[in-house]
Amino acid sequence: MPSIRTLAAVAVNLLGELVAPSACVACDEPVGANVLFCPSCAASVERTDARAGHAASPPRWTAAFEYGGAIATAIARLKYQERSDLAPRLGRAMLTAAERARGAVDLAVPVPLHPRRLAERGYNQAALLAAPVARRLGIAFAPRALARLKDTPRQAALDREQRVVNVAGVFAARERSRLHGARVLLIDDVRTTGTTLARCADALHRAEVTSVHALVLARRG
Ligand SMILES: [Zn+2]
């Protein structure tokens, strides 16, 4: 028997489908309900849900996709082409990966943007991805728990060594009482070297969280 909650979610999805037919998140081709990519884009995408996150350096983490192909296109649209409308569906695509952390996390915290970057973009894509994950896992959502103190160059534009230096001392906990004792699910769009996630985890541990598990939409490299 599906639960009331499942039935409600299905009803909402069906309603959404009637109001606004779905489109491929990478190319806007029409697609069916609950489908992220059209067939040709889907052929370029690799899900990583089945694989455990590599844990050579903390925090533990899980990714939904390998970065590349249509998922890279979808992320670029989300971040740089004002397509915040894609975030709820991309966020829901992280749920299978998020299941690994279910029961072990109670607070969703997105990787923050610097206020200047936030003002330019108008939204933090990590927060938009985190909201549906928190809702579906039934955990609290703290989009302002971490702050980014320095406006660093885009990680993608730097080499590996520069990236490590780039994020040193960049993050700080803002809602310390809320973080104290929390089991955090730290959420970002892309994991490249893991340095950003590690520095955020450091800031969270300075605020005395109990644990940090990271979840990203795509892993790169
Ligand atoms: Zn497509």
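Before reading on, note that the structure itself is shown above.
Per chain, the residues get numbers from 1 upward, laid out in the order the sequence is written. Selection of residues for local features in this predicted model requires a pLDDT of at least 70, selection of side-chain atom pairs for listing and counting requires 80 or more, and totals for whole chains, interfaces and linings are taken over all residues. Think of the side-chain values as coming from all heavy atoms in the structure, minus any hydrogens and water.

Student: Quick question: what am I supposed to make of the overall build of the chain here?
Tutor: In this description a helix means any DSSP run of H or I spanning at least four residues, a strand means any run of E spanning at least two, and both kinds are numbered starting from the N terminus. Across its full length, the chain holds 10 helices and 7 strands. Throughout this description, buried means an accessible area under 20% of the type-specific maximum (1.4 Å probe, protein chains only), exposed means over 50%, and partly exposed covers the range between. Residues classed as buried in the chain amount to 48% of the 221 residues present. Residues count as neighbours in contact if any of their non-hydrogen atoms are within 4.5 Å of one another. Contacts spanning at least 24 positions in sequence make up 74% of the contacts within the chain whose residues lie at least 6 apart. A total accessible area of about 10,900 Å² is found for the chain, and carbon and sulfur atoms account for 56% of it. For the area figures, the Shrake-Rupley method with a 1.4 Å probe applies, and any residue is considered shielded solely by the protein chains shown.

Student: Teacher, can you tell me more about the nonpolar core here?
Tutor: Nonpolar side chains tend toward joint burial in soluble globular proteins. In plain words, nonpolar cores are sets of buried Ala, Val, Leu, Ile, Met, Phe, Trp, Tyr and Cys residues tied together by side-chain atoms within 4.5 Å. Counting residues in hydrophobic clusters, the biggest one holds 39 residues, and the most contacted among them are Phe37, Phe65, Leu90 and Leu185. For this core, the secondary structure elements donating two or more residues are strand E1 (60-66), helix H3 (69-80), helix H4 (87-92), helix H5 (95-98), helix H7 (125-137), strand E6 (183-191) and strand E7 (211-219). Formed jointly, this core draws a minimum of three residues from each of two domains, domain 1 (1-43) and domain 2 (45-219). Setting aside its immediate chain neighbours within four residues, Leu90 contacts Val25, Leu36, Ile71, Ala74, Leu78, Leu129 and Leu217. Among the nonpolar cores identified, the runner-up in size contains 25 residues, and Ala145, Leu186, Leu197 and Val212 belong to it. Just so you know, the domain bounds were taken from an automatic or database domain assignment.

Student: Even after reading the chapter, I still don't get the coordination of the zinc ion, so can you show me in this structure?
Tutor: Ideal geometry at a metal gives 109.5 degrees between four tetrahedral donors and either 90 or 180 degrees between six octahedral ones. Within the first shell, the zinc ion binds the protein through Cys24 (SG), Cys27 (SG), Cys38 (SG) and Cys41 (SG), at distances of 2.3 to 2.4 Å. Taken together, the 4 donor atoms surrounding the zinc ion define angles of 101 to 118 degrees at the centre, an arrangement classified as tetrahedral. Each donor residue of the zinc ion lies on the same chain, and together they follow the pattern C-x2-C-x10-C-x2-C. Listed donor atoms are N, O and S within 2.8 Å of the metal (Na, K and Ca: 3.2 Å). As water is not included, a site may look incomplete. When four donors show all angles between 85 and 135 degrees the site is tetrahedral, when four or six donors have opposite pairs over 155 degrees and all other angles between 65 and 115 it is square planar or octahedral respectively, and in every other case it is irregular.

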